[in-house]
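# Inside the fold
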Amino acid sequence: TLGPEGNSLVQKLVELEQRKADVRLKRQRVEHAIGILKEAIRTGGPLTVPTIEDVESITESAAKLADLDAQKKGMLVDYTESHPAVVDVQTQITRVRESLLATYRAMRQELLLGERDLTRTITSFDAQLEDIPEAELELAKRTRVNMVNAELYTFLLQKQQEARIAQASTIS
């Protein structure tokens, strides 16, 4: 069996691996959002802002963008694209989109740094695990992998359910 020191290290490593997986998934969502925003800015086409939970500035910008899009659509009923009022609203839309892009890029950089720090910390704990006797070390590694996979599986199931709920609420 794994001793108390080994158990403690494995538990810390599992926690760190879970946090790293969470950061990686969030970074991937941010990178996806950056791609969508770049395309919308390039083409000037419609945009549904991908939101990231717990980021109020993105939620606020998304609401402002939806309001501006609605204003523009309302104006296009009476005016052409070249009308000064429509051009002004389009300029505001472009500014909000570029602001969102800058926010997402800053988030991506922050997440990359966090991921790198977690990797360093995990490497440090891995080095500490090397001091444990070989049989206990093998058990610790297998226990860690098993726990990380179980936690990751649970986390991904939760995210899948959240995505289904979000999709269902969007459709209806």
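Just above, that's the structure.
### Points about the layout of surface pockets
One way to see where empty space is left: roll a probe the size of a water molecule over the atoms. There is about 620 Å³ of room inside the largest pocket. Lining the largest pocket are 17 residues, and of these Arg29, Pro50, Thr51, Ala163 and Ala166 sit closest to its centre. When contributions to the lining of the largest pocket are tallied by element, the ones reaching two or more residues are helix H1 (4-43) and helix H4 (134-171). Top contributing element to the lining of the largest pocket by residue count: H4, with seven residues. Of the residues assigned to the lining of the largest pocket, the class counts are seven nonpolar, six polar and four charged. By volume, the second largest pocket amounts to about 210 Å³. Contributing to the lining of the second largest pocket are Gly44, Gly45, Pro46, Leu47, Asp69, Ala70, Lys72, Lys73, Leu76, Gln90, Ile93 and Arg97. Listing elements by their share of the lining of the second largest pocket, those giving two or more residues are helix H2 (56-78) and helix H3 (84-129). For the lining of the second largest pocket, the element with the most residues is H2, which contributes five residues. A class-by-class count of the residues in the lining of the second largest pocket yields five nonpolar, three polar and four charged.

### Some words on the packing of H2 against H3
The N-to-C vectors of H2 and H3 enclose an angle of 160 degrees; their axes lie 10 Å apart at closest approach. In terms of axis orientation, H2 runs roughly antiparallel to H3. Judged by the twist between their axes, the crossing of H2 over H3 is left-handed. Contacts between H2 and H3 involve Ser57, Ile58, Ser61, Lys64, Leu65, Leu68, Asp69, Gln71, Lys72, Met75 and Leu76 from the former and Ala85, Val86, Val89, Gln90, Gln92, Ile93, Val96, Arg97, Leu100, Thr103, Tyr104 and Met107 from the latter. Its residues assigned to classes, the contact of H2 with H3 shows 13 nonpolar, six polar and four charged.

### Thoughts on the side chain of lysine 72
Residue position: lysine 72 is located in helix H2. The residues contacting lysine 72, other than those within four sequence positions of it, are Glu81, Val86, Val89, Gln90 and Ile93.

### A closer look at the pattern of salt bridges
By the definition in use, this model includes six salt bridges. Of the charged contacts in the structure, one is a salt bridge between arginine 27 and glutamate 31, with a shortest N-O distance of 3.1 Å. Of this pair, arginine 27 and glutamate 31 both sit in helix H1, four residues apart, which is roughly one turn of the helix. Judged by relative accessible area, arginine 27 falls into the buried class, the value being 13%. The exposure class of glutamate 31 is partly exposed, given its relative accessible area of 31%. Overlapping salt bridges bring together Arg24, Arg27, Glu31 and Glu115 as one network.

Parameters and conventions
Residues numbered from 1 in each chain as written. Predicted model: local features only at pLDDT ≥ 70, side-chain atom pairs only at ≥ 80, totals over all residues. Heavy atoms only, no water. 1 Å grid on protein atoms, 1.4 Å probe; cavity = no way out; pocket = protein on both sides within 12 Å on 5 of 7 lines; lining within 4 Å. Points joined across faces, edges and corners; volume = space filled by probe spheres on them. Helix = DSSP H or I, 4+ residues; strand = E, 2+ residues; numbered from the N terminus. Nonpolar A, V, L, I, M, F, W, Y, C, P; charged D, E, K, R; others polar. Axes fitted to C-alpha atoms, helices over the stretch in contact; angles between N-to-C directions. Parallel < 35°, antiparallel > 145°, perpendicular 65-115°, else oblique. Left-handed = near helix turned anticlockwise from the far one by under 90°. Contact = heavy atoms within 4.5 Å. Salt bridge = Lys/Arg side-chain N within 4 Å of Asp/Glu carboxyl O. Buried < 20%, exposed > 50% of the residue type's maximum accessible area, 1.4 Å probe, protein only.

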